[in-house]
Amino acid sequence: MKRALGPALKVLALRMPALAIPVLAIPALLFAGTMRAADAPVVVTSIKPIHSLVSAIMQGVGEPELIVDGAASPHTYNLKPSNARALQEAKVIFWVGPGLEAFLEKPLRALGRDASIAELDNAPGLVKLPFREGGAFEPHDDGDEHDSASGQHDEADAAHDADPGHDSDHGAFDTHLWLDPMNAKAMAAMITTTLVAADPANALTYQGNAKALDDRLDKLDTEIKGIVAPVKGKPFIVFHDAYQYFEHRYGIRVAGSITVSPETIPGAERVSEIHRKVGELGATCVFAEPQFQPRLVNVVIEGTRAKSGVLDPEAATLKAGPDLYFNLMRGIANSMKDCLSSA
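This is a predicted model, so every value here is computed, not measured. (Residues numbered from 1 in each chain as written. Predicted model: local features only at pLDDT ≥ 70, side-chain atom pairs only at ≥ 80, totals over all residues. Heavy atoms only, no water.)

Visitor: Before we go on, may I ask you to explain the sheet that holds strand 4 (residues 116-119) in this structure?
Guide: By way of backbone hydrogen bonds, the strands of a sheet pair with one another, either parallel or antiparallel. Pairing is parallel in the open sheet, where 4 strands are placed in the order 2-1-3-4. The open sheet has two edge strands with one neighbour each: strand 2 (65-66) and strand 4. Here strand 1 (residues 43-45) runs beside strand 3 (residues 92-95); their pairing, made up of 3 bridges, is parallel. Residue pairing in the sheet places Val43 in a bridge with Val92 of strand 3. (Pairing = 2+ DSSP bridges. Helix = DSSP H or I, 4+ residues; strand = E, 2+ residues; numbered from the N terminus.)

Visitor: Can you walk me through empty space enclosed by the protein in this structure?
Guide: A water-sized probe rolled over the atoms picks out the places where empty space is left. A full pass over the atoms with the stated rule returns 1 cavity of 30 Å³ or more. The volume enclosed by the largest cavity comes to roughly 30 Å³. If you go around the largest cavity, the residues you meet are Ile47, Lys48, Pro49, Val68, Gly70, Ala72, Pro74 and Glu314. (1 Å grid on protein atoms, 1.4 Å probe; cavity = no way out; pocket = protein on both sides within 12 Å on 5 of 7 lines; lining within 4 Å. Points joined across faces, edges and corners; volume = space filled by probe spheres on them.)

Visitor: Is there a simple way to think about the state of the cysteines in this case?
Guide: Each disulfide is one covalent bond, formed between the sulfur atoms of two cysteines. All chains considered together, the criterion is met by 1 disulfide. Residue Cys285 pairs covalently with Cys339 via a disulfide, S to S 2.0 Å. Here the disulfide of Cys285 and Cys339 is left-handed, its torsion about the S-S bond being about -110°. Residue Cys285 is found in strand 7 (residues 285-288), and its partner Cys339 is found in helix 12 (residues 324-342); the two are separated by 54 residues along the sequence. The exposure classification of Cys285 matches that of Cys339, with both residues buried. (Disulfide = S-S within 2.5 Å. Buried < 20%, exposed > 50% of the residue type's maximum accessible area, 1.4 Å probe, protein only.)

Set out below in structure tokens:
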């Protein structure tokens, strides 16, 4: 039977060349697909929210590398040897900027010289808000005198602060820019432009993914407005002042922070001050963060009627990937709603 089948198969191949050609072409097609993956540019990102946006735009081309992984925070991160190697090999590097990832400033100059480096805090169209001072927010020690009677801006000041072209008097701004989906859209546009310039062969894929991401961000914005609507008027205290963009976008009322920057653990006097403010401001919830000391929050709410919750502005507890940004924003909105609704 085996000998008889041989000639029969040869005849079949001669009579059906159209079928034989695709069969022979399969290995070549598989090889071409492998080559496309191998040719994807090496892209490195700093923090999880930025990695998520870049991942969404790179889907179908490659996957970016992440520096600040797991539960680490850019505020306290130390660069690893594997991170240094990634920076040396990178064709494109995305970070927010030196105001957030200060640990990257020197390594980028030394190791990222051959890469296209996109500093996303320079993305056109970003809303930038100055650091907040006064009231229950710590003053920044910059040598200037400021009116600390209130931590709130009136409507005219808020509009001025939200002007994308406006820089604060201190020349600095709050770097948690991604906590407004409209800022995420502005950063995604810069990410797309940078990737297209570095890898024009995959331009159509990047641009198509960017359009889909834009649409998802618009829907997310509408969804979050609905989640937080019932608790917009209830004041609360946060561990550090990272939520100004979320507050500005959705009309949430952050009454103060335990510390401005988590690099500096507040002293006993500051904790006592916030403890008093919880009562004076009528704060209904005090929110901790996964990476930092929850016992400070317990001290702040001790003897008050305020409840505690957890917010995760840097996605410490979330799995990296294209959906992380959406899970991050929904998580913040739902944590606020859950704690404030029950208070």
